[in-house]
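# Coordinates in review
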Amino acid sequence: MNKDMTQGEPRKVLWMFCLPMFGSIVFQQLYNIADSLVAGRFIGENALAAVGNSYNITLIFIAFAFGCNIGCSVMVSQLFGAKDYKTMKTAVYTALIASGILCLVLMSAGLLSCDMLLRLMKTQSEIMADSSLYLDIYIWGLPFLLFYNIATGIFSAMGDSRTPFVFLALSSSANIGLDIVFVKCFGMGIAGVAWATFMCQGVSCVLSLALVLRRLSGIRTEGNVRIFSWRLLGKIAKIAIPSILQQSFISVGNMMIQGCINSFGVSVAAGYSAAVKLNNLVITSFTTIGNGISNFAAQNLGAHKYERIRAGFWAGLKLVWCLCVPFCVVYILSGKYLLLLFMEESSSVALMTGRYFLWIVSPFYFVISVKLVADGILRGVSAMRQFMIATFTDLVLRVVLAFVLSSWSGSSLGIWCSWPIGWMIGMGISVFFYRKECQEEYMTQA
């Protein structure tokens, strides 16, 4: 059901909208967690390292899907908030057509360059074949990834966060079952893990896209609706491209860090692969809530209700801090048992690597959550230049410090310490821009 977020008490509206989004991202992360879990438990440590190694390259493709999601979602949110439904439909059709062309380019580039990227990451010879096979199958599923993200962006833009949650809950549960069947029963190895994800994402994509088009057809508009607009494509791109660049550079940075991690051996790479899946569950949850805040801010910007944007920031901050507490406590006190889901206890180096990572990083979830809420507001009001500055500062610091601190300490502990430092500085910059661009400018207009 579509939801107008320009009405009602901001905290209640935002929380009711974002909580299903949090549930959705938990299930979405189960895709990658399930792949790593099944690979580590039923195939072996090398397979776990291969999935984790490949994941850094898949993040580049996810960056494009995420950018298309945000660009379409923010534009549709603004038009939905302004009640300009005819132009909103054109924006949706434009985004779908442009994304289809982009998908063909990404698939061609991926099939040609993934092996080269694996070598640049210093992928160990014993996991090279599995990493390459996993990526080849993943790339053929890119249309499902891209169009599914467009569909969920449209649902969110119209205030519906429950429908994506239902789709993800069902597909993620099916993915876990298929992972086990293909690997344990059919003995398909790493290919079974990849094909399970391919099939489940495909079904989710087709169903969600069909429902989006049906939902749009139910919104009455006068006259013929254009199916493509260069003007709207430019506006969508203005938001999407910085988001794509942000996520892409983060992916490239992670690949560089992965190369540094790989130099410490397969066991360290396997431990990091497991721990970073748990970490990504938290960070992606905060990012998704930030996306919800972007939709909230964009709808209210379209409706010229600027005072609600500030209220949305504080409501979002309270929400993410409520999530920080349990994640932080569980990872510090029980991280070992979560990591053992991915590996055998005999993998002592891998296990300790993962525990050290979680101990160092998780207390700073309170810091990164503030940054991601502020970033959500900046995206929603189209302050993309400021958003990019804050993001790249964090990324560059983390990459540089990962190499410097690991070299200085002679161990992987130096790499993990780069996360909190980058987060703290990035948070300060994001909050500065939020206060300057949103509070002063929009409150004056109001």
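Note that the coordinates shown come from a computational prediction; the quantities given were computed from them, not determined experimentally. (Residues numbered from 1 in each chain as written. Predicted model: local features only at pLDDT ≥ 70, side-chain atom pairs only at ≥ 80, totals over all residues. Heavy atoms only, no water.)

## Section: the overall build of the protein chain
Counting its secondary structure elements, the protein chain contains 14 helices and zero strands. What you see in the protein chain, going N to C, is helices and strands ordered as α-α-α-α-α-α-α-α-α-α-α-α-α-α. Computed over the C-alpha atoms, the radius of gyration of the protein chain is 21 Å, within 12% of the 22 Å expected from 2.2 N^0.38 for a compact globule of 446 residues. Its C-alpha atoms give the protein chain principal-axis dimensions of about 65 × 45 × 35 Å. (Helix = DSSP H or I, 4+ residues; strand = E, 2+ residues; numbered from the N terminus. Rg over C-alpha atoms; globule rule 2.2 N^0.38 Å.)

## Examining the confidence of the model for the protein chain
Overall, the prediction assigns the protein chain a mean pLDDT of 83, with 93% of residues at 70 or greater. Confidence, read as mean pLDDT per element, is least for helix α1 (residues 10-43) in the protein chain (72) and greatest for helix α3 (residues 85-120) (91). (pLDDT = per-residue confidence, 0-100.)

## A closer look at the packing of helix α2 (residues 45-81) against helix α8 (residues 230-262)
In the contact formed by α2 and α8, the axes pass within 7 Å of each other and the chain directions differ by 165 degrees. In terms of orientation, α2 and α8 fall into the roughly antiparallel class. The two elements α2 and α8 meet at a crossing, and its hand is right-handed. Looking at the contact of α2 with α8 residue by residue, the classes come out as 16 nonpolar, 13 polar and one charged. (Axes fitted to C-alpha atoms, helices over the stretch in contact; angles between N-to-C directions. Parallel < 35°, antiparallel > 145°, perpendicular 65-115°, else oblique. Left-handed = near helix turned anticlockwise from the far one by under 90°. Nonpolar A, V, L, I, M, F, W, Y, C, P; charged D, E, K, R; others polar.)

## Description of the environment of V400
Note that V400 resides in helix α13 (residues 384-409). Overall, the relative accessible area of 46% leaves V400 in the partly exposed class. The spacing of V400 and F144 is 256 residues in sequence and 35 Å in space, taken between C-alpha atoms. (Buried < 20%, exposed > 50% of the residue type's maximum accessible area, 1.4 Å probe, protein only.)

## Concerning the nonpolar core
Formed by 79 residues in total, the largest nonpolar core has its most connected members in F286, Y365 and W419. Among the elements that take part in this core, helix α9 (residues 266-302) stands out by supplying 19 residues, more than any other. Apart from residues no more than four positions distant in its own chain, F286 is found in contact with V320, L323, C324, Y365, I368, S369 and L372. Counting residues in hydrophobic clusters, the runner-up holds 47 residues, among them F80, L96, I154 and L232. (Core = buried A, V, L, I, M, F, W, Y, C linked by side-chain atoms within 4.5 Å. Contact = heavy atoms within 4.5 Å.)

## Focus on the side chain of T94
One can find T94 in helix α3. A polar contact is formed between the side chain of T94 and the backbone oxygen of T90, at a distance of 2.8 Å. Aside from chain neighbours lying at most four places away, what touches T94 is I227, F228, S229 and L233. (Polar contact = N/O pair within 3.5 Å; in protein donor to acceptor, adjacent residues only side chain to side chain.)

## Details of unusual backbone geometry
Positive phi outside glycine occurs at K83, with the angle close to 65 degrees. Along the chain, K83 turns up in the loop between α2 and α3.

## Quick look at the packing of α9 against helix α10 (residues 307-339)
A pair of packed helices can be characterised by two numbers: the angle between their axes and the separation between those axes. Their axes nearest at 11 Å, the elements α9 and α10 cross at an angle of 170 degrees. For the element pair α9 / α10, the angle class is roughly antiparallel. Split by residue class, the contact of α9 with α10 holds 20 nonpolar, four polar and one charged.

## Section: helix α12 (residues 365-380)
Quick reminder: α-helices carry 3.6 residues per turn. Residues three or four places apart thus point the same way. Taking 1.5 Å per residue, 16 residues should reach 22 Å; α12 reaches 22 Å between its end C-alpha atoms and fits that length. Taking burial as the measure, the 16 residues of α12 include 15 buried ones, the bulk of the element. The first or second residue beyond α12 is S382, which carries a positive phi of 65 degrees. (Expected span 1.5 Å × (residues − 1).)

## Describing the environment of S406
Its location among the elements puts S406 in helix α13. With 39 residues separating them in the primary sequence, S406 and V367 have C-alpha atoms 23 Å apart. Discounting residues that sit within four places of it in the chain, S406 has contacts with C260, F264, L401, S411, G414 and I415. At 3.1 Å, the side chain of S406 and the backbone oxygen of F403 are in polar contact.

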